[in-house]
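Each chain, written out:
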Amino acid sequence: MKQFLQRNGVFITLSLILIIALGLALLCIPKGNLHLLLCDRHTHARDIFYRYYTHVAEWFPYIVCLALIFFSRLGEGLCASTAMLGSTLTTQLFKHIIRAPRPVTWFSTNMPEVQLPLVEGVKMNRWLSFPSGHTTAFFALAFILSIVAGNYLINKNCQSGNQNGPSRNKIYLAQVFLIQVVLFIMAATGGYSRIYLCQHFALDVLAGIVVGVLISLISYVVFYQYKDRNWYNYRILSKK
């Protein structure tokens, strides 16, 4: 567990900070007002960026899972695939049980005087708002990549020995820190895109973060116990 936190502590800490920040905002600001506060910063450049960036969650995670299965250790690929499938199924289950209204539906009923800042060309959904499936996919993928990258870097660092002593360890720690920060920013940007595009409320995004990180963590715990098995370390297309 100590090694796991060392490799992934930055991503976990940043995710917890975001979860707490969103939770406090939801407690202090009414649902509708918070949504307007978060989504009312539109520019033409942002409209284009978020309109297309949000779709990354619909296809990119599955390409990454396939790449890990074929080019990395089989266990890591299966762990990533299980995390993505598990988080997707969990999200869809909650969506269809709760059937929460999306912002366009909620505002038309509760605050009809408000004109939402919609982005041209974006098809607006009206139901199944909670939780955000795109946010779940963004954070599940980012957390899994954080785990895989951390494992790769620490193995590489161990294989190189202590040739350069403390200086090499500092480089390794800097690499781990940078990767996790970048992955978190990418995931958080994806989550925010759902609010910006008025497809979800902050509560939906908060739930998506929790589901994505939690299911990925469970998947890792399940598969990590087999890390010394031959099948886990088997590489389909790599000779190493």
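In this text the structure is predicted, and so the values were computed from the model without any measurement.

A. Region of interest: the overall build of the protein. A tally of helices and strands in the protein yields 10 helices and zero strands. Shown N-terminal to C-terminal, the secondary structure of the protein runs as helices and strands in the order α-α-α-α-α-α-α-α-α-α. Rg of the C-alpha trace for the protein: 20 Å, near the compact-globule value of 18 Å for 240 residues, within the 12% margin. Along the first, second and third principal axes, the C-alpha atoms of the protein reach 65 × 35 × 30 Å. Residue pairs in contact within the protein that sit at least 24 positions apart in sequence constitute 85% of those at least 6 positions apart. In the protein, 21 side chains carry a positive charge and 8 a negative one; their mean positions are 14 Å apart.

B. Seen up close, the pattern of salt bridges. Considering all chains together, one arrives at two salt bridges under this definition. Glu-76 serves as the salt-bridge partner of Arg-73, at 2.8 Å between the closest nitrogen and oxygen. Note on accessibility: Arg-73 and Glu-76 belong to one class, buried. Here Asp-228 and Lys-227 are joined by a salt bridge, their closest N and O atoms 3.5 Å apart. Judged by relative accessible area, which is 29%, Lys-227 ranks as partly exposed.

C. A look at a nonpolar patch on the surface. A cluster of nonpolar side chains, namely Leu-66, Phe-70, Phe-71, Tyr-234, Ile-236 and Leu-237, defines an oily patch on the protein surface of about 610 Å² accessible area. We classify Ile-236 as partly exposed; its relative accessible area is 34%.

D. View of the packing of aromatic side chains. Applying the stated criterion across every chain, the model contains 17 aromatic pairs. Consider the rings of Tyr-53 and Phe-138, whose centres lie 5.4 Å apart with planes at 15°: the pair is stacked. On the criterion of sequence distance, the pair formed by Tyr-53 in helix H3 (residues 44-53) and Phe-138 in helix H7 (residues 133-159) is long-range, its members being 85 residues apart. Phe-138 matches Tyr-53 in its accessibility class, with the two residues each being buried. Aromatic side chains Trp-106 and Phe-107 sit 5.0 Å apart centroid to centroid with 80° between the ring planes, which places their arrangement in the edge-to-face category.

E. Local environment of the side chain of Thr-105. Structurally, Thr-105 is set in helix H6 (residues 103-110). Its relative accessible area of 11% is what places Thr-105 among the buried residues. When residues no more than four places from it in sequence are discounted, the contact partners of Thr-105 are Arg-126 and Trp-127.

F. Local environment of H6. Of all the positions in H6, only Pro-103, Val-104, Thr-105, Trp-106 and Phe-107 are classed as buried. Lining the buried residues of H6 we find helix H2 (31-39).

G. Quick peek at helix H4 (residues 56-71). For H4, spanning 16 residues, the distance from its first C-alpha to its last is 21 Å, which sits close to the expected 22 Å at 1.5 Å a residue. Within the span of H4, buried status applies to Ala-57, Pro-61, Val-64, Cys-65, Leu-68 and Ile-69. Buried positions in H4, seen along its axis, are confined to an arc of 135° and lie on one side of it.

H. A look at the side chain of Thr-91. Counting through the fold element by element, Thr-91 comes out in helix H5 (residues 74-98). With a relative accessible area of 1%, Thr-91 lands in the buried category. For Thr-91, the side chain forms a polar contact with the main-chain oxygen of Ser-87, separated by 2.8 Å.

I. Geometry of the packing of H4 against H5. It is the contact of H4 with H5, at a shortest axis distance of 7 Å, that shows an interaxial angle of 155°. It follows from the interaxial angle that H4 and H5 lie roughly antiparallel. As H4 runs across H5, the sense of the crossing is left-handed. In contact with Pro-61, Tyr-62, Cys-65, Leu-68 and Ile-69 of H4, H5 contributes Leu-74, Glu-76, Gly-77, Leu-78, Ala-80, Ser-81, Met-84 and Thr-88.

J. Focus on unusual backbone geometry. Following Phe-130, the chain continues into Pro-131 via a peptide bond in cis, with omega recorded as -10°. Structurally, the position occupied by Pro-131 is in the loop between H6 and H7. Its identity as a non-glycine residue notwithstanding, Arg-99 has a phi of 50°, on the positive side. Backbone geometry places Leu-128, a non-glycine residue, at a positive phi of 60°. Mapped onto the fold, Leu-128 is located in the loop between H6 and H7.

Thresholds applied
Residues numbered from 1 in each chain as written. Predicted model: local features only at pLDDT ≥ 70, side-chain atom pairs only at ≥ 80, totals over all residues. Heavy atoms only, no water. Helix = DSSP H or I, 4+ residues; strand = E, 2+ residues; numbered from the N terminus. Rg over C-alpha atoms; globule rule 2.2 N^0.38 Å. Contact = heavy atoms within 4.5 Å. Lys, Arg positive; Asp, Glu negative; His and termini not counted. Charge placed at Lys NZ, Arg CZ, Asp CG, Glu CD. Salt bridge = Lys/Arg side-chain N within 4 Å of Asp/Glu carboxyl O. Buried < 20%, exposed > 50% of the residue type's maximum accessible area, 1.4 Å probe, protein only. Patch = residues over 30% accessible without salt bridge, like charges linked within 9 Å, V, L, I, M, F, W, Y side chains within 5 Å. Areas by Shrake-Rupley, 256 points an atom, 1.4 Å probe, with all protein chains shown as cover. Phe/Tyr/Trp six-rings, centres within 6.5 Å; stacked < 30°, edge-to-face > 60°. Expected span 1.5 Å × (residues − 1). Arc of directions from axis to C-beta. Polar contact = N/O pair within 3.5 Å; in protein donor to acceptor, adjacent residues only side chain to side chain. Axes fitted to C-alpha atoms, helices over the stretch in contact; angles between N-to-C directions. Parallel < 35°, antiparallel > 145°, perpendicular 65-115°, else oblique. Left-handed = near helix turned anticlockwise from the far one by under 90°.

Limitation: the analysis is restricted to geometry and does not speak to function.
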